[in-house]
Amino acid sequence: MSEPLTVSIRREVDPERIVEATAWVQTGVNLATKYPGFLGSGWVRAGEDSQVWHMLYRFASEDSLTAWEQSAERAWWLSMGEGFVRSERSKRRTGIEGWFDEPTTGTITLPAADGTTETVTVAPAPPRWKQATSIWLGFFPVNLAFTYAMSPVPGWNELPIWLRVLVTTLVLTPIMAYWVLPFVTRSLRNWLAR
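Please read all numbers here as calculations on a predicted model, not as lab measurements.

## Some remarks on the pairing of strand E2 (residues 38–45)
And step 1. In this structure, E2 lies alongside strand E3 (residues 52–59), joined through 7 bridges in antiparallel fashion. Opposite Arg-45, over in E3, you have Trp-53 as the bridge partner.
And step 2. Counting the residues that bridge the hairpin from E2 to E3 gives 6 residues.

## Considering the nonpolar core
And step 1. Of all hydrophobic cores here, the largest spans 23 residues; its most connected members are Trp-53, Tyr-57, Phe-59 and Trp-68.
And step 2. Within the residue set of this core, elements represented by two or more residues are strand E1 (5–13), helix H1 (18–32), E2, E3 and helix H2 (62–69).
And step 3. The element that contributes the greatest number of residues to this core is H1, accounting for 7 residues.
And step 4. For Trp-53, the residues in contact, after removing those within four places along its chain, are Ile-9, Arg-10, Arg-11, Val-13, Ile-18, Ala-21, Thr-22, Val-25, Trp-43, Val-44 and Arg-45.
And step 5. The next biggest cluster of nonpolar side chains, apart from the first, holds 9 residues, and it includes Met-150, Leu-172, Leu-181 and Val-184.

## Section: a nonpolar patch on the surface
And step 1. A cluster of nonpolar side chains, namely Trp-136, Leu-137, Phe-140, Leu-144 and Tyr-148, defines an oily patch on the protein surface of about 560 Å² accessible area.
And step 2. Secondary-structure assignment places Phe-140 in helix H4 (residues 128–150).

## Thoughts on the confidence of the model for the protein chain
And step 1. Summarising the model, the protein chain shows a mean pLDDT of 80, and 78% of its residues fall at 70 or more.
And step 2. Least confident of the elements in the protein chain is strand E5 (residues 107–111), whose mean pLDDT is 51; most confident is H4, at 91.
And step 3. Note on residues 96–105: pLDDT is under 50 here. Beyond four places in sequence and across chains, it has 20 contacts.

Conventions adopted
Numbers given to residues run from 1 along each chain, matching the order in which its sequence is written. Residue-level local features of this predicted model are given only where pLDDT is at least 70; pairs of side-chain atoms are given and counted only at 80 or more, and the full residue set underlies all totals for whole chains, interfaces and linings. Each side-chain value is derived from all of the structure's non-hydrogen atoms; neither hydrogens nor water enter the calculation. Only when DSSP finds a minimum of two bridges between them are two strands counted as paired. Elements are defined by DSSP. Helices are runs of H or I of four residues or more, strands are runs of E of two residues or more, and each kind is numbered from the N terminus. To define a nonpolar core, start from buried Ala, Val, Leu, Ile, Met, Phe, Trp, Tyr and Cys residues and group those joined through side-chain atoms within 4.5 Å. To sort residues, take the accessible area from a 1.4 Å probe on protein chains only and compare it with the maximum for the residue type: under 20% means buried, over 50% means exposed, and anything in between is partly exposed. The contact criterion used throughout is that any non-hydrogen atoms of two residues lie within 4.5 Å. What makes a patch is a set of residues exposed beyond 30% relative accessible area and free of salt bridges, joined within 9 Å when like-charged and within 5 Å when nonpolar (Val, Leu, Ile, Met, Phe, Trp, Tyr). To measure how exposed things are, a 1.4 Å probe is used in the Shrake-Rupley method; for residues, cover is taken only from the protein chains shown. Whenever Lys or Arg places a side-chain nitrogen within 4 Å of a carboxyl oxygen from Asp or Glu, that contact is recorded as a salt bridge. Scored from 0 to 100, pLDDT reflects the predictor's confidence in each residue.

Following this line, the structure appears as structure tokens:
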């Protein structure tokens, strides 16, 4: 079973159609809440006169997120925003990559399906020294194991160092990003939150 996924979206909206955009965003939230695996969402504007909107939504697994993203309801909802959404960027976040954003402080207001809102405190990112320690705890053993595994390969040690480092990073980066760092993040979750 996959880890929960958060999707971060940045949209630019026609400033002349803010009322319409507000209703449109709330409709999207209301539709998403009906899908299995939906864990929550929130949206904020960068400022009262801003055209930039930020939205987050979270699903329990890759499968539940995919079901929502490929649904007819979401396709219909997105088509309703075509007249006033000028641009859109989105990112999927599972764990450690969110640490590289600027730390968030304060509160955000989350709309609920029943039309009410809830204000929640946003947890700050772990301090950089904890991030660095966590990355090292994952990287050192994986790099050491790869180095030992490659040393008996004929000709490996005769290759130029830049080529060995290139091959090492090409092999280890996806291993770190998809398996090792999410495992380290889960294992150190309580320590990282302190």
